[in-house]
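Residue-level structural notes
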Amino acid sequence: MKKNFTQQVYDVVRAIPRGKVLTYKEVATRAGNPGAFRAVGNILNKNYNSSIPCHRVVRSDGKTGGYNRGAKMKTKKLKQEGAII
DNA sequence: CATTTGACGCCAA
DNA sequence: TTTGGCGCCAAAT
């Protein structure tokens with residue numbers, strides 16, 4: 001099954017275990033395009049699915065970035081899960 | 001089909 | 001060390 005970059009991003013993000021966080025660049029690299037970190041955020045933003053814990057995807061700067069439900073809640077959820085940024 | 005946007009990352013000053 | 005600017009890819013309009 002040939003997965004496109006977008007599909008890979010979904011799969012990678014969905015595979016993030018609780019209490020763990022990945023950077024956009026890490027997700028992009030796992031998806032097969034180390035330089036498409038921009039597209040990763042774009043895809044998640046335009047395709048927010050409840051099955052995808054996008055709140056576990058953070059920036060490389062240590063910031064949580066944005067979130068459809070509110071970046072504030074995203075950070076809160078991460079802390080609640082025990083994720084270390 | 002071409003252009004703009006976007007939840008970013010890295011380099012230079 | 002911190003701030004600013006530039007570059008990248010994919011999707012949406």
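Presented here is an overview of the structure given in this document. This is a predicted model, so every value here is computed, not measured. (Residues numbered from 1 in each chain as written. Chains lettered and ligands numbered in written order. Predicted model: local features only at pLDDT ≥ 70, side-chain atom pairs only at ≥ 80, totals over all residues. Heavy atoms only, no water.)

All right, on to the pattern of salt bridges then. Inspection of the entire model under this criterion finds 2 salt bridges. Between Glu81 and Arg56 there is a salt bridge whose closest N-O contact spans 2.9 Å. Highlighted residues: Glu81 in helix 4 (residues 71–81) and Arg56 in the loop between helix 3 (37–46) and strand 2 (57–58), separated in sequence by 25 residues. As far as the burial class goes, Glu81 and Arg56 line up, both buried. In this structure, the salt-bridge partner of Asp61 is Arg59, at a minimum N-O distance of 3.0 Å. When its relative accessible area of 52% is taken as the criterion, Asp61 is described as exposed. Residue Arg59 is classed as partly exposed on the basis of its relative accessible area, which comes to 38%. (Salt bridge = Lys/Arg side-chain N within 4 Å of Asp/Glu carboxyl O. Helix = DSSP H or I, 4+ residues; strand = E, 2+ residues; numbered from the N terminus. Buried < 20%, exposed > 50% of the residue type's maximum accessible area, 1.4 Å probe, protein only.)

Once that is clear, we can look at the protein's contact with DNA strand B. Around DNA strand B there are 16 residues in total, and Lys25, Arg38, Asn42, Asn45 and Ser60 lie nearest to it. Of all DNA strand B atoms lying within 4 Å of any protein atom, the proportion belonging to sugar or phosphate reaches 43%. Tyr24 places a side-chain nitrogen or oxygen 2.9 Å from a base nitrogen of DNA strand B. Measuring from a base nitrogen of DNA strand B, one finds a backbone N or O atom of Gly41 at 3.4 Å. Mapped onto the surface near DNA strand B, the elements with two or more residues apiece are helix 2 (24–31) and helix 3. Considering every element that reaches the surface near DNA strand B, the biggest residue donor is helix 3, with 7 residues. Counted by class, the surface near DNA strand B contains 6 nonpolar, 6 polar and 4 charged residues. (Near = heavy atom within 4 Å. Polar contact = N/O pair within 3.5 Å; in protein donor to acceptor, adjacent residues only side chain to side chain. Nonpolar A, V, L, I, M, F, W, Y, C, P; charged D, E, K, R; others polar.)

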